[in-house]
Amino acid sequence: MLDPQLLRDDIGAVAQKLADRGYDLDVKAWQDLEERRKALQVETESLQSQRTKISKSIGQAKAKGEDIQPLLDQVASIGDQLEKSKADLQQVFADMEQVTLYVPNLAQDDVPVGQDEEDNVEVRTWGQPPSFDFEVKDHVDLGAMSGFMDAESAATLSGSRFTVLSRDLARLQRALTQFMLDTHINDHGYDEFYVPYLVNDQAMLGSGQLPKFADDAFITEDGRFLIPTAEVPLTNLVSNEILEADQLPIKMTAHTPCFRREAGSYGKDTKGLIRQHQFDKVEMVQIVHPELSNQALEDMTSHAENILKALKLPYRVIVLCTGDMGFSAAKTYDIEVWVPAQNTYREISSCSNCEDFQARRMQARFRSPDQKKPQLVHTLNGSGLAVGRTLLAVMENYQNADGSIRVPDVLQQYMGGVKVINQC
RNA sequence: GGAGAGAUGGCAGAGCGGUUGAAUGCACCGGUCUUGAAAACCGGCAUACGUUAGUAGCGUAUCUAGGGUUCGAAUCCCUAUCUCUCCGCCA
């Protein structure tokens, strides 16, 4: 949610910035609502004030045993007026909320303006894509050869976009997860959390998945949502909180499955682990002082990069352009890992500074010693990393000519000494 | 799932139709006293919105949330959510 003050003071500039993101704000409609709101609110509050005054004097008159009928007559007409004006005001507020809940965050000034992923800008690359003296196989083939990855069984169980991993490959995924968590906890200063995988609509609203993207999430019969990312439960841990300044920054990590409908991506990445309805992810979330959020974004991105460095997987970092950013983000870095079989980089992490956008929705604030009023915190989230896609990247980058897969050095301690994954 | 009890300010806890935004205690902040500290005493201490040049003043709302009764609701009624106790079931 944007700062309503900003919408009032400088709506022209806001509309321009939203246009950069491909969002068309109806300025005239908003200003009309705002004007109505102002008139109605002033009217309602003054009526309420009158009514309260008279009601109090009724109490006093009664206590003294005076006749209260004149006062009752006086207040009678206020009641109807008040009811009407209250209802109108509520309607205007509801209309305004329908706008504000659907308006995306504003991009930071240094974010490149652009339409879609074509306009994203590469920031840096790390590592050299490996060269192979044989024809590389993709992870689907490698998985089939080993017999440890089974899309058909998954289709029988659940449908498309699911997978069954077994034995050394299942273990390798667990090793990756463990390694990521341990690194974030031991080297990067995050605290580990275990969180619910089902959340209510308030939580989804707070982090910005609702109301606009309801179709992307799985909803349960009793109205809960399967989390599309651990960002939702982790970030909402501070909802409706007023934190003390010295509690910041809060750095949280959690490993969870993530569930996504992937509506609207029909035909895209239909094979393999790239795009699944269910995938595991290790998530990082930071709750920070507003002045430090940009530095925190750089730090968090480097934390995700450190995982890839340790795994010796080549990657590049790009900054998303205005048109490609997520709803809640003010600035986003994507990290893309080298995928040999596709001869390109594919997204494996997305790190965003949401500034106060989510904090305002969920009323997450802190009290700083130098300011009387509580102020909104800044929230950041980043994948550290998407585990399924990391598994895919390891499989493809570490493949041998015979289809076996070398286990990266840092994972071997988690694999009980297994150094190469062969076949069933 | 069944039966019961409850949800009040940072925390504890009173109030149970009328000057209650809410007693009291604790915590916190400022002051007096003191060489300093403690104690004691004095004072302060919610949030949001509106109006406004204003973090001044004034107004409005908020005692879990949403509805209702009433001239007037923290207090009465309904619904939802959550918590606790007991029983049942269960990894």
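Residues numbered from 1 in each chain as written. Chains lettered and ligands numbered in written order. Predicted model: local features only at pLDDT ≥ 70, side-chain atom pairs only at ≥ 80, totals over all residues. Heavy atoms only, no water.

Enquirer: I'd like a description of a negative patch on the surface, backed by residues and values.
Expert: A cluster of acidic residues, D116, E117, E118 and D119, forms a negative patch on the protein surface. Mapped onto the elements of the fold, D119 is located in the loop between α4 (69–100) and β1 (121–126). The class of D119 is partly exposed, set by a relative accessible area of 32%. (Patch = residues over 30% accessible without salt bridge, like charges linked within 9 Å, V, L, I, M, F, W, Y side chains within 5 Å. Areas by Shrake-Rupley, 256 points an atom, 1.4 Å probe, with all protein chains shown as cover. Salt bridge = Lys/Arg side-chain N within 4 Å of Asp/Glu carboxyl O. Lys, Arg positive; Asp, Glu negative; His and termini not counted. Charge placed at Lys NZ, Arg CZ, Asp CG, Glu CD. Helix = DSSP H or I, 4+ residues; strand = E, 2+ residues; numbered from the N terminus. Buried < 20%, exposed > 50% of the residue type's maximum accessible area, 1.4 Å probe, protein only.)

Enquirer: Provide a residue-level description of helix α12 (residues 387–397), including the pertinent values.
Expert: Counted residue by residue, α12 has eleven buried out of eleven residues, so it is predominantly covered. When α12 is considered as a whole, its buried residues turn out to be V387, G388, R389, T390, L391, L392, A393, V394, M395, E396 and N397.

Enquirer: Kindly report on the packing of helix α7 (residues 167–186) against helix α10 (residues 293–310), identifying the contributing residues and their values.
Expert: Two elements in contact, α7 and α10, have axes whose closest approach is 10 Å; the angle formed by their N-to-C orientations is 130°. By the criterion of interaxial angle, the relationship of α7 to α10 is oblique. In this structure, α7 meets α10 at a crossing whose hand is right-handed. Residue-level inspection shows F179, M180, T183 and H184 of α7 in contact with α10, the latter providing H303, I307 and A310. When its residues are assigned to classes, the contact of α7 with α10 shows four nonpolar, three polar and no charged. (Axes fitted to C-alpha atoms, helices over the stretch in contact; angles between N-to-C directions. Parallel < 35°, antiparallel > 145°, perpendicular 65-115°, else oblique. Left-handed = near helix turned anticlockwise from the far one by under 90°. Contact = heavy atoms within 4.5 Å. Nonpolar A, V, L, I, M, F, W, Y, C, P; charged D, E, K, R; others polar.)

Enquirer: So what's going on with the sheet that holds strand β13 (residues 365–367)? Residues and values would help.
Expert: To summarise the sheet geometry, strands pair through backbone hydrogen bonds and adopt either a parallel or an antiparallel arrangement. Ordered by their spatial adjacency, three strands build an open sheet running β7-β13-β14, and the pairing between neighbours is mixed. Pairing within the sheet leaves two strands with one partner each, and these edge strands are β7 (242–244) and β14 (375–376). Here β13 pairs with β14 via two bridges, running antiparallel. Among the inter-strand pairings, R365 is bridged to a residue of β14, identified as L376. (Pairing = 2+ DSSP bridges.)

Enquirer: An account of unusual backbone geometry is requested, with residue identities and associated values reported.
Expert: Glycine aside, a negative phi is what most residues show, and trans is what most peptide bonds show. Of note, the bond from L210 into P211 is cis; its omega dihedral lies within 30 degrees of zero at 0°. Summarising the element assignment, P211 is placed in the loop between α8 (201–207) and β6 (225–226). Of note, the amide linkage connecting G384 to L385 takes the cis form, showing an omega dihedral of 10°. Relative to the assigned elements, L385 resides in strand β15 (residues 378–386). Residue R161 is not a glycine yet carries a positive backbone phi of 65°. Among the structural elements, R161 can be located in the loop between α6 (151–157) and β3 (164–165). For R161, a relative accessible area of 11% translates into the label buried. At N240, a residue that is not glycine, the phi angle is positive and equals roughly 60°. Its place among the elements puts N240 in the loop between α9 (231–236) and β7. Judged by its relative accessible area of 63%, N240 falls in the exposed class.

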